[in-house]
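Chain by chain, the residues run as shown.
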Amino acid sequence: MAKHHVSATVNNDPVEFLCETDQTLLDCLRDELNLTGAKEGCSSGDCGACSVTINGRLVCSCLVLGVEANGMKIETIEGMAQGDKLHPLQQKFLEHAALQCGICTPGVLIAAKALLAKNPNPTETETRYWLAGNLCRCTGYDKIIRAVMDAASEMRKGA
Amino acid sequence: MQYESPDTLEAAAKLLASATDARILAGGTDLLVQMRAEVLSPSLVIDIKKVTETRTIKEENGGFRIGAAVTGAELKEHPKLRSVWPGLVEAANLIGSTQVQGRCTMGGNLCNGSPAADSVPALIAAGAVATVVGPNGRRDIKVEDVMLAPRKLALTKGEIIASFFLPARGAHASDAYLRFIPRTEMDIAVVGCAVSLALDASGTCTAARMSLGAVAARPLLVADAAKALIGSKIDDAALTKLEAAARAACTPIDDKRGTKEFRIDVAGVLAKRTALIALERARKK
Ligand SMILES: Cc1cc2nc3c(=O)[nH]c(=O)nc-3n(C[C@H](O)[C@H](O)[C@H](O)COP(=O)(O)OP(=O)(O)OC[C@H]3O[C@@H](n4cnc5c(N)ncnc54)[C@H](O)[C@@H]3O)c2cc1C
Ligand code: FES
Ligand code: FES
């Protein structure tokens with residue numbers, strides 16, 4: 001069976017790649033496009049380390065086939081900072097020490113960004129529920145939540 | 001493994017009938033997990049998300065028609081659907097995390113064939129009818145008749161669920177869904193319960209349907225629930241009857257999530273609580 005030829009937009013850049021049907025979008029990002037920011041924690045939708053957005057919608061890239069990405073607009077952690085300028089969420093994660101080993105961090109940041117795009121002023125409870133699909137073995141979550149709340153407030157001031 | 005993404009369900013049904021181990025792909029949140037675990041290795045995957053009718057919510061004959069591949073997140077973003085069928089939308093929104101919500105569908109939830117699927121009792125309580133497309137045309141089937149046993153459906157070779165029709169409803173009608181899980185998020189129902197009811201102007205119940213999930217080999221429509229509620233003001237006496245009807249309908253299994261006795265007990269508790277939420281909502285309409 002011939003490979004699929006997929007054309008998509010990743011972080012605003014047009015990309016093309018070839019993939020097998022059984023390669024997930026996560027496999028394609030990491031192995032075909034060398035975008036290794038999205039991580040593979042479980043490959044079963046449980047951990048959120050592979051989070052990306054497709055046409056603005058937050059998903060687990062381990063539960064999407066690469067061929068489904070054809071024609072789609074994908075955003076990954078690699079598109080979050082603008083050159084050397086960190087996104088406010090990234091800056092706040094550093095300030096609040098909201099990461100330790102960092103494996104969960106790209107997924108958490110992408111998920112948090114999707115939350116703030118939809119709801120610039122979430123409550124702590126809303127933030128905790130929104131991020132319930134992003135598991136972290138290190139931080140105990142509290143610092144992650146503080147960092148997201150602080151970034152949200154800073155982004156509201158900036159807007 | 002091959003991948004096809006046809007534009008019509010008629011074409012998809014032909015493809016599905018053409019190979020014994022072909023599978024429909026909607027959100028993939030069950031299928032890809034099962035493929036990864038090598039529980040399934042289809043030779044052909046047929047993505048139905050290019051078919052417009054599976055991806056749209058529209059009003060029809062005073063009710064709603066919801067495409068089988070509409071995602072949980074999209075259901076939540078439909079204000080009118082949420083206001084008319086809050087219980088159905090909350091049930092579908094309990095499926096997985098925000099990320100899973102971005103992909104999971106009610107068609108997939110039903111056709112995956114799990115007795116604990118969260119949106120299925122809510123569809124059954126709502127009186128939803130599934131429209132099915134197969135190689136020989138279209139037919140309608142009540143949602144409570146779709147699942148027969150775990151992983152076993154009443155769909156014949158090549159049949160695909162196109163959409164769900166939710167009937168029109170009058171004033172003072174609403175629904176609710178509750179599930180019991182050992183934690184607050186990201187778990188599979190030990191018991192799920194959906195109630196849909198309607199009241200007349202005096203507050204007397206004129207219509208009621210209750211469905212239970214995870215307490216039998218398939219989600220159940222509890223016929224005696226209607227008898228318990230209809231004609232009453234949903235007072236304590238009616239709720240006690242409802243509780244008994246819920247418990248009597250259960251034929252659960254023992255597993256790591258709960259024992260038989262526990263499931264039967266919880267079913268009664270959830271039946272009452274769910275009915276009270278639906279009642280409160282119906283009174284406000
Ligand atoms: C992390 C995680 C958490 C989850 N939590 C829950 C939960 O809390 N509650 C719950 O109920 N489920 C849960 N699930 C299971 C799953 O997300 C749901 O069952 C979901 O609704 C499946 O929908 P889908 O569109 O992703 O299905 P898919 O995986 O695309 O399909 C599922 C099955 O149905 C078939 N199918 C799909 N659509 C159709 C159709 N229209 N016609 C005929 N056949 C079809 C497919 O061939 C496949 O066999 C969870 C899954 C994950 C990964
Ligand atoms: S790797 Fe995708 S959810 Fe864990
Ligand atoms: S920082 Fe290590 S998993 Fe979250």
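Sequence order as written defines residue numbering, which begins from 1 separately in each chain. Each chain is given a letter, starting from A, and each ligand a number, starting from 1, according to the order in which they appear as written. Since the coordinates come from a predicted model, pLDDT governs what is reported: local features require at least 70, and pairs of side-chain atoms require 80 or more to be given and counted, while whole-chain, interface and lining totals use all residues. Side-chain measures here rest on the full set of heavy atoms in the structure, leaving out hydrogens and waters.

**So, the domain arrangement of chain A**
All names here are of chain A. Boundary definitions for the domains trace back to an automatic or database domain assignment. Segmentation of chain A into domains returns domain 1 (3-79) and domain 2 (88-158). For domain 1 versus domain 2, the separation of C-alpha centres amounts to 22 Å. Every residue pair with non-hydrogen atoms within 4.5 Å of one another is taken to be in contact. Of the residues lining the interface, 13 residues belong to domain 1; the matching set on domain 2 comes to 13 residues. Buried area counts how much accessible surface, traced with a 1.4 Å probe, disappears from two parts once they are put together, with both parts' losses summed. Interface area, domain 1 with domain 2, both sides summed: about 1,000 Å², of which 65% is carbon and sulfur. It is Lys39, Leu58 and Ile77 that lose the most area in domain 1 upon contact with domain 2, and together they represent 42% of the buried surface on that side. With a shortest N-O distance of 3.3 Å, Glu75 and Lys113 are connected by a salt bridge. Under this definition, polar contacts are N or O atom pairs within 3.5 Å; protein pairs additionally need one hydrogen-donor-capable and one acceptor-capable atom, and for neighbouring residues in sequence, both atoms have to be side-chain atoms. Where domain 1 packs against domain 2, one counts 4 residue pairs in polar contact (both at pLDDT 80 or more). For the purposes of this entry, the term helix denotes a DSSP run of H or I that reaches at least four residues, the term strand denotes a run of E that reaches at least two, and both are numbered from the N terminus. If one sorts the elements of the side of domain 1 that touches domain 2 by residue count, strand S3 (residues 51-54) sits on top with 3 residues. Just to be clear on terms, a salt bridge is a Lys or Arg side-chain nitrogen sitting within 4 Å of an Asp or Glu carboxyl oxygen.

**With respect to the side chain of Thr71(B)**
Along the polypeptide, Thr71(B) turns up in the loop between strand S5 (63-67) and helix H3 (72-76). Here Thr71(B) is in contact with Arg55(B), Gln101(B), Gly102(B), Arg103(B) and Cys104(B), once residues within four sequence places are set aside.

**A few points about a negative patch on the surface**
Residues and elements named next belong to chain A. Surface patches are drawn from residues lacking salt bridges whose relative accessible area is over 30%; two like charges belong together within 9 Å, two nonpolar side chains (Val, Leu, Ile, Met, Phe, Trp, Tyr) within 5 Å. The Shrake-Rupley method, run with a 1.4 Å probe sphere, supplies the accessible areas, and residue values consider only the shown protein chains as cover. In this tally, Asp and Glu contribute negative charge and Lys and Arg positive charge; neither His nor the terminal groups of the chain are included. Where a charge sits is defined by one atom per residue type, namely NZ (Lys), CZ (Arg), CG (Asp) or CD (Glu). Among the surface-exposed residues, Glu20, Asp22, Asp31 and Glu32 lie close enough to one another that they form a single negatively charged patch. Note on placement: Glu20 falls in the loop between strand S2 (13-19) and helix H1 (25-32). The class for Glu20 is partly exposed, based on a relative accessible area of 33%. Note on exposure labels: buried denotes an accessible area under 20% of the residue type's maximum, exposed denotes more than 50%, and partly exposed covers the range between, all computed with a 1.4 Å probe on protein chains only.

**Description of the site of ligand 1**
Taken together, the neighbourhood of ligand 1 is formed by 33 residues, with Ile24(B), Thr29(B), Asp30(B), Thr105(B) and Asp118(B) sitting nearest. Chains contributing residues to the immediate surroundings of ligand 1 are chains A and B. Taking Ala26(B), its main chain carries an N or O atom lying 2.8 Å from an oxygen atom of ligand 1. In the environment of ligand 1, an oxygen atom lies 2.5 Å from a nitrogen or oxygen atom belonging to the side chain of Asp30(B). Starting from 990 Å² of accessible surface for ligand 1 in isolation, the protein chains cover 94%. Contributions of two or more residues to the shell around ligand 1 are made by strand S2 (22-25), helix H7 (106-111) and strand S10 (160-166) of chain B. Among the residues forming the shell around ligand 1, the class breakdown is 16 nonpolar, 11 polar and 6 charged. Throughout, the term near means that a residue has one or more heavy atoms lying within 4 Å of the molecule or strand in question. By the convention adopted, Pro, Cys, Tyr, Trp, Phe, Met, Ile, Leu, Val and Ala count as nonpolar, Lys, Arg, Asp and Glu as charged, and the other residues, Gly among them, as polar.

**Observations concerning the pattern of salt bridges**
In this structure the tally under the stated criterion is 30 salt bridges over all chains. The salt bridge partner of Glu68(A) is Arg103(B), with a shortest N-O separation of 2.8 Å. One end of the pair, Glu68(A), is in the loop between strand S4 (57-60) and strand S5 (73-75); the other, Arg103(B), is in the loop between helix H6 (98-101) and H7, on a second chain. Residue Glu68(A) shares its accessibility class with Arg103(B), and that shared class is buried. In this structure, the salt-bridge partner of Lys272(B) is Glu243(B), at a minimum N-O distance of 3.4 Å. Of this pair, Lys272(B) sits in helix H11 (residues 260-283) while Glu243(B) is found in helix H10 (residues 236-249), placing the two residues 29 residues apart along the sequence. Given a relative accessible area of 15%, Glu243(B) falls into the buried group. Overlapping salt bridges bring together Glu68(A), Asp47(B), Lys49(B) and Arg103(B) as one network.

**A few points about the nonpolar core**
Residues and elements named next belong to chain B. In this text, buried Ala, Val, Leu, Ile, Met, Phe, Trp, Tyr and Cys residues form a nonpolar core when linked through side-chain atoms within 4.5 Å. In this structure, Ile66, Val143, Ile161, Phe164 and Leu166 are the most contacted members of the largest nonpolar core, which totals 36 residues. Those elements giving two or more residues to this core turn out to be S5, helix H4 (79-84), helix H5 (86-93), H7, helix H8 (119-125), strand S6 (129-134) and S10. The dominant element in this core, judged by the number of residues it contributes, is H8, at 5 residues. Once you skip the residues sitting within four places of it in the chain, Leu166 turns out to touch Gly63, Phe64, Ile66, Leu81, Trp85, Leu88, Leu123, Ala126 and Ala128. With 33 residues, the next largest nonpolar core counts Val191, Leu212, Ala225 and Ala267 among its residues.

**Remarks on the pairing of strand S7 (residues 137-142) of chain B**
All names here are of chain B. In this description, strands pair whenever DSSP reports at least two bridges between them. Here S6 runs beside S7; their pairing, made up of 6 bridges, is antiparallel. Across the sheet, Thr131 pairs through a bridge with Asp140, a residue of S7. Turn length for the S6-S7 hairpin, with the two strands adjacent in sequence and antiparallel, is 2 residues.

**Things to note about the interface of chain A and chain B**
Opposite the 28 residues of chain A that make contact, chain B presents 25 residues. In this assembly, chain A packs against chain B so that about 2,100 Å² is buried in total across both faces, 62% of it on carbon and sulfur atoms. When the area that chain A buries against chain B is broken down by residue, the three leading residues are Arg57(A), Leu63(A) and Glu68(A), summing to 28%. Here chain A is connected to chain B by 5 salt bridges. Between Lys118(A) and Glu77(B) there is a salt bridge, with the nearest N and O atoms lying 2.9 Å from each other. Applying the counting criterion to the chain A and chain B interface returns 10 residue pairs in polar contact (both at pLDDT 80 or more). Those elements giving two or more residues to the side of chain A that touches chain B turn out to be S4, helix H3 (105-118) and helix H4 (124-130) of chain A. Residues of the side of chain A that touches chain B, tallied by class, amount to 13 nonpolar, 9 polar and 6 charged.

**Topic: the packing of aromatic side chains**
All names here are of chain B. Geometry of aromatic contacts follows a simple scheme: Phe, Tyr and Trp rings, the Trp one being its six-membered ring, pair when their centres are within 6.5 Å, and the pair is stacked under 30 degrees between planes, edge-to-face over 60, tilted otherwise. All chains considered together, the criterion is met by 1 aromatic pair over all chains. Centre to centre, the rings of Phe180 and Phe262 are 5.4 Å apart; their planes meet at 70°, and the pair counts as edge-to-face. Of this pair, Phe180 sits in strand S11 (residues 173-180) while Phe262 sits in helix H11; the two residues are 82 residues apart in sequence, bridging distant segments of the chain. When its relative accessible area of 28% is taken as the criterion, Phe180 is described as partly exposed. On the basis of relative accessibility, which here comes to 34%, the residue Phe262 falls in the partly exposed class.

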